[in-house]
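An overview of the molecular structure
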Amino acid sequence: QVQLVESGGGLVQPGGSLRLSCAASGFPFNLAVMRWHRQAPGKERELVASITNDGGSTNYADSVKGRFTISRDNAKNTVYLQMSSLKPEDTAVYYCNLVTYRNYWGQGTQVTVSS
């Protein structure tokens, strides 16, 4: 039973920081590519960042490059998204995504960037 549980979202002022966590279970986490996506109201879900199974390679959307960092701790079966210099445009529900022969999604965690 694959399970992905996001946490760490909240309200932050522009320029602030948050760290999101995704706790994973039910699959060999150390073999899995993991991604973070986000969906803002009225917009399509978009890819934010991805990381290979060993953490050796990462990719980011242009809109978050230099501000967000994806990482993972395979001993803890957890993937993280460190977000800094947050902008109001970053406001969205952030979802953890397991990439296999099919996609698995967490329930999402709300990030609101507002003054």
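The notes below deal with the structure included here. Only a predicted model underlies this, so the values are computations on that prediction, with no experimental measurement involved.

1. Quick notes on the pairing of strand β5 (residues 46-51)
- When strand β4 (residues 33-39) meets β5, the two strands line up antiparallel, connected through five bridges. From the neighbouring strand, Arg 38 faces β5, where its bridge partner is Glu 46.
- Linkage of β4 to β5, two consecutive antiparallel strands, is achieved through a turn of six residues, within which Gly 42 is found at a positive phi near 75 degrees.
- Counting the residues that bridge the hairpin from β5 to strand β6 (residues 58-60) gives six residues, and of these Gly 55 lies at a positive phi of roughly 75 degrees.

2. Brief notes about the state of the cysteines
- Taken as a whole, this structure holds one disulfide when the rule is applied.
- The disulfide that involves Cys 22 links it to Cys 96, with 2.1 Å between the sulfurs. The chirality of the disulfide connecting Cys 22 with Cys 96 is left-handed, given an S-S dihedral of about -85 degrees. Taken together, the residues Cys 22 in strand β3 (residues 18-25) and Cys 96 in strand β9 (residues 92-99) connect sequence positions 74 residues apart. Each member of the pair, Cys 22 as well as Cys 96, is classed as buried.

3. Side note on the side chain of Thr 78
- Locating Thr 78 in the fold gives a position in strand β8 (residues 78-83).
- Overall, the relative accessible area of 10% leaves Thr 78 in the buried class.
- Within the structure, Thr 78 has its side chain in polar contact with the backbone oxygen of Lys 76 (distance 2.9 Å).
- Among all residues touching Thr 78, those that are not within four sequence positions of it are Ser 21, Cys 22, Ala 23, Phe 29, Ser 71, Arg 72 and Asp 73.

4. Focus on the nonpolar core
- Residues Leu 4, Met 34, Trp 36, Val 79, Leu 81, Met 83 and Tyr 94 are the most contacted members of the largest nonpolar core, which totals 29 residues.
- Secondary-structure elements contributing two or more residues to this core are β3, β4, β5, β7 (68-73), β8, β9 and β11 (109-113).
- Excluding residues that lie within four positions of it along the chain, Met 34 makes contacts with Leu 4, Phe 27, Phe 29, Ala 49, Ser 50, Ile 51, Ile 70, Arg 72, Val 79, Cys 96, Asn 97 and Leu 98.

5. Some thoughts on the sheet that holds β3
- Taken in spatial order, the four strands line up as β1-β3-β8-β7 in an open sheet, and their pairing is antiparallel. Strands at the two margins of the open sheet, each flanked by one partner only, are β1 (3-7) and β7. Between one strand and the next, the sheet's axes are offset by a mean angle of 15 degrees, whatever the strand orientation.
- Bridge count for β3 against β8 is six bridges, and the pairing is antiparallel. The residue of β8 that forms the bridge with Cys 22 is Val 79.

Parameters and conventions
- Residues numbered from 1 in each chain as written.
- Predicted model: local features only at pLDDT ≥ 70, side-chain atom pairs only at ≥ 80, totals over all residues.
- Heavy atoms only, no water.
- Pairing = 2+ DSSP bridges.
- Helix = DSSP H or I, 4+ residues; strand = E, 2+ residues; numbered from the N terminus.
- Disulfide = S-S within 2.5 Å.
- Buried < 20%, exposed > 50% of the residue type's maximum accessible area, 1.4 Å probe, protein only.
- Polar contact = N/O pair within 3.5 Å; in protein donor to acceptor, adjacent residues only side chain to side chain.
- Contact = heavy atoms within 4.5 Å.
- Core = buried A, V, L, I, M, F, W, Y, C linked by side-chain atoms within 4.5 Å.
- Axes fitted to C-alpha atoms, helices over the stretch in contact; angles between N-to-C directions.

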